[in-house]
Amino acid sequence: MTDMTDKGLFIEEKIINSVRKLLSGRINELLEETEYPIPPIEFGNYRGGSAVAGVCNPAIALSTCEQSEKERIVRLDAYTLTITFTVPEWPGGERDCYAYASSVATALRENPTLGGAASRAILAGKKYVPPKQSGTGGDWEVELKIHVLIEEAGV
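Residues numbered from 1 in each chain as written. Predicted model: local features only at pLDDT ≥ 70, side-chain atom pairs only at ≥ 80, totals over all residues. Heavy atoms only, no water.

## Some thoughts on the confidence of the model for the chain
Predicted confidence across the chain gives a mean pLDDT of 84, with 85% of residues reaching 70 or more. Under a pLDDT of 50 for its full length, residues 1-5 has, in the predicted model, six contacts with residues more than four places off or in other chains. Low pLDDT, under 50, characterises residues 47-52; the predicted model gives this stretch four contacts beyond four residues in sequence or across chains. (pLDDT = per-residue confidence, 0-100. Contact = heavy atoms within 4.5 Å.)

See the structure below:
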């Protein structure tokens, strides 16, 4: 489940790094295949904003979550990974949110172990949030909740 590039990383770092790689790799490939131009996903240090124009820079948050009785018995750690895409309001903004969510769902079906960083990762929820007031230049948001299970080491 680990390779030389993972040496010395905590499992949380492995999960986040794997998700970033998936977002900037396979998910960007899926977005390029769509009929409409969807801004690609990139990560970097952008000053004064979340991203440069024409690029999506999603927020990624990881937290532990309550384990089911079965997960405790078979010694699985459970995490909730939240990916939040912020999309500017424009006529295609809502569609862009659906494209990001669909691409993430497809990539997780293709790679449910996040490249070996997890035992299993499944999309557990999608939340679409329109701008607070339409026509004011607010942002759309799509929040994706991913349930990540990790087998405990030494089991």
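From this point, things continue past the structure.
## Considerations on the side chain of Thr84
Mapping Thr84 onto the fold places it in strand β2 (residues 76-88). Thr84 sits in the buried class, given a relative accessible area of 16%. Ignoring any residue separated from it by four or fewer positions in sequence, one finds Thr84 in contact with Pro58, Ala59, Glu141, Val142 and Glu143. (Helix = DSSP H or I, 4+ residues; strand = E, 2+ residues; numbered from the N terminus. Buried < 20%, exposed > 50% of the residue type's maximum accessible area, 1.4 Å probe, protein only.)

## Some thoughts on the packing of helix α1 (residues 11-32) against helix α3 (residues 93-110)
Running from amino to carboxyl end, α1 crosses α3 at an angle of 115°, the nearest separation of the two axes being 9 Å. With respect to α3, the axis of α1 lies roughly perpendicular. In this structure, the crossing between α1 and α3 has a hand that is right-handed. Contacts between α1 and α3 involve Leu22, Leu23, Arg26, Ile27, Leu30 and Leu31 on the former and, on the latter, Ala99, Tyr100, Ser103, Val104, Thr106, Ala107, Leu108 and Glu110. For the contact of α1 with α3, the per-class residue count stands at ten nonpolar, two polar and two charged. (Axes fitted to C-alpha atoms, helices over the stretch in contact; angles between N-to-C directions. Parallel < 35°, antiparallel > 145°, perpendicular 65-115°, else oblique. Left-handed = near helix turned anticlockwise from the far one by under 90°. Nonpolar A, V, L, I, M, F, W, Y, C, P; charged D, E, K, R; others polar.)

## Here's the deal with empty space enclosed by the protein
For the coordinates displayed, the defined rule picks out one cavity of 30 Å³ or more. Empty space within the largest cavity amounts to approximately 50 Å³. Around the largest cavity, the lining residues are Val19, Leu22, Leu23, Ile27, Leu81, Ile83, Val104, Leu108, Leu114 and Ile146. When residues of the lining of the largest cavity are assigned to their parent elements, the largest contribution, four residues, is made by α1. Looking at the lining of the largest cavity, its residues break down into ten nonpolar, no polar and no charged. (1 Å grid on protein atoms, 1.4 Å probe; cavity = no way out; pocket = protein on both sides within 12 Å on 5 of 7 lines; lining within 4 Å. Points joined across faces, edges and corners; volume = space filled by probe spheres on them.)

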